[in-house]
Amino acid sequence: MNDMIQAGAQSAQGRVFELAAELFAVLATPMRLRVLSALCEHEKSVNELLAEIDTTQPNLSQHLAVLYRCGVLAKRKEGTQVIYRVQSEKAVALCRSVCTQIAIELDEPEGVPAAESLLPAPPLRRQQMTSTTQKDSTC
C-alpha cells in the first residue's frame, strides 16, 4: 500500500514537472516575452501590438496564437479587430520577476553573488563556482 502511495506521489510530481516545462517552453521565446510585456498594463489590438513590437503581422499572430492556446492570453473580437489581454497573471508575474532580476544583473554584474544569479556564469566565475561547489557537497 505504501509503495502505491509513493508511486502516485512520484507520478503527480512528474506531471508537475511536465506542465512546468511546457509553460517554460511557451515562455522561452523572446518575442512572446515582448508580447507579454506589451500587454502587462492593458489589452491591445494586434495593430497596437505591431506598432510597439518590431515584427511582421504573421509572426506576431503565430506567437499570439501559441500564448492564447496555452491559456496565457485571452482574446475577444471588436468589429474586425482582435483584442488580446493577459489571462494568466501568474505567468506574467513569473516573467516580470525573471526579466527584472536579469536587468539588475546586467546593470550591476558584480553586485549579484554567483549563487543568486540567473545569468549564465562567465567562464572565470563558472570555474570559481565549480571549485566552491566541489568543496561544499551538501548543496
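Note that the structure is a prediction, hence the values are computed from the model and not measured.

It is worth spelling out the overall build of the chain at this point. Each helix and strand counted, the chain has 6 helices and 3 strands in total. For the chain, the succession of helices and strands along the chain, N to C, is α-α-β-α-α-β-β-α-α. Taking all 139 residues of the chain together, the buried fraction comes to 23%. Taking contacts inside the chain between residues at least 6 apart in sequence as the whole, the part at least 24 apart equals 40%. Of the roughly 9900 Å² of accessible surface on the chain, 56% is carried by carbon and sulfur atoms.

This prediction gives the chain a mean pLDDT of 84; 79% of its residues lie at or above 70. Looking across the chain, the model is least confident in helix α6 (residues 123-135), with a mean pLDDT of 45, and most confident in strand β1 (residues 44-45), with 98. Across residues 124-139, where pLDDT falls below 50, the model places 9 contacts with residues more than four positions away in sequence or in other chains.

End to end, helix α4 (residues 57-69) covers 18 Å across 13 residues, agreeing with the expected 18 Å (1.5 Å per residue, within 8%). Buried within α4 we find Leu 60, His 63, Leu 64, Val 66 and Leu 67. Buried residues in α4, looked at end-on, bunch into an arc of 160°, giving them a common side. Within α4, the exposed residues directed more than 90 degrees away from the buried face are Pro 58, Gln 62 and Arg 69. Regarding α4, its N-cap is Thr 56, as a side-chain oxygen of that residue lies 3.3 Å from the backbone nitrogen of Asn 59 further along. Backbone geometry just downstream of α4 places Gly 71 in the positive-phi region, at approximately 85°.

Aromatic ring pairs are reported here in terms of the distance separating the ring centres and the angle at which the planes meet. Here the structure, examined in full by the defined rule, presents 0 aromatic pairs. A cation sits over an aromatic face here: Lys 75 above Tyr 68, 4.5 Å from the ring centre.

Quick look at the state of the cysteines now. As used here, a disulfide is simply a covalent bond connecting the sulfur atoms of two cysteines. Counted under the stated rule, the structure contains 0 disulfides. We note that Cys 40 lacks a disulfide partner, and the nearest cysteine sulfur, in Cys 95, lies 8.2 Å from it.

Each value, and the rule that gives it
Residues numbered from 1 in each chain as written. Predicted model: local features only at pLDDT ≥ 70, side-chain atom pairs only at ≥ 80, totals over all residues. Heavy atoms only, no water. Helix = DSSP H or I, 4+ residues; strand = E, 2+ residues; numbered from the N terminus. Buried < 20%, exposed > 50% of the residue type's maximum accessible area, 1.4 Å probe, protein only. Contact = heavy atoms within 4.5 Å. Areas by Shrake-Rupley, 256 points an atom, 1.4 Å probe, with all protein chains shown as cover. pLDDT = per-residue confidence, 0-100. Expected span 1.5 Å × (residues − 1). Arc of directions from axis to C-beta. Polar contact = N/O pair within 3.5 Å; in protein donor to acceptor, adjacent residues only side chain to side chain. Phe/Tyr/Trp six-rings, centres within 6.5 Å; stacked < 30°, edge-to-face > 60°. Lys NZ or Arg CZ within 6 Å of the ring centre and 35° of its normal. Disulfide = S-S within 2.5 Å.

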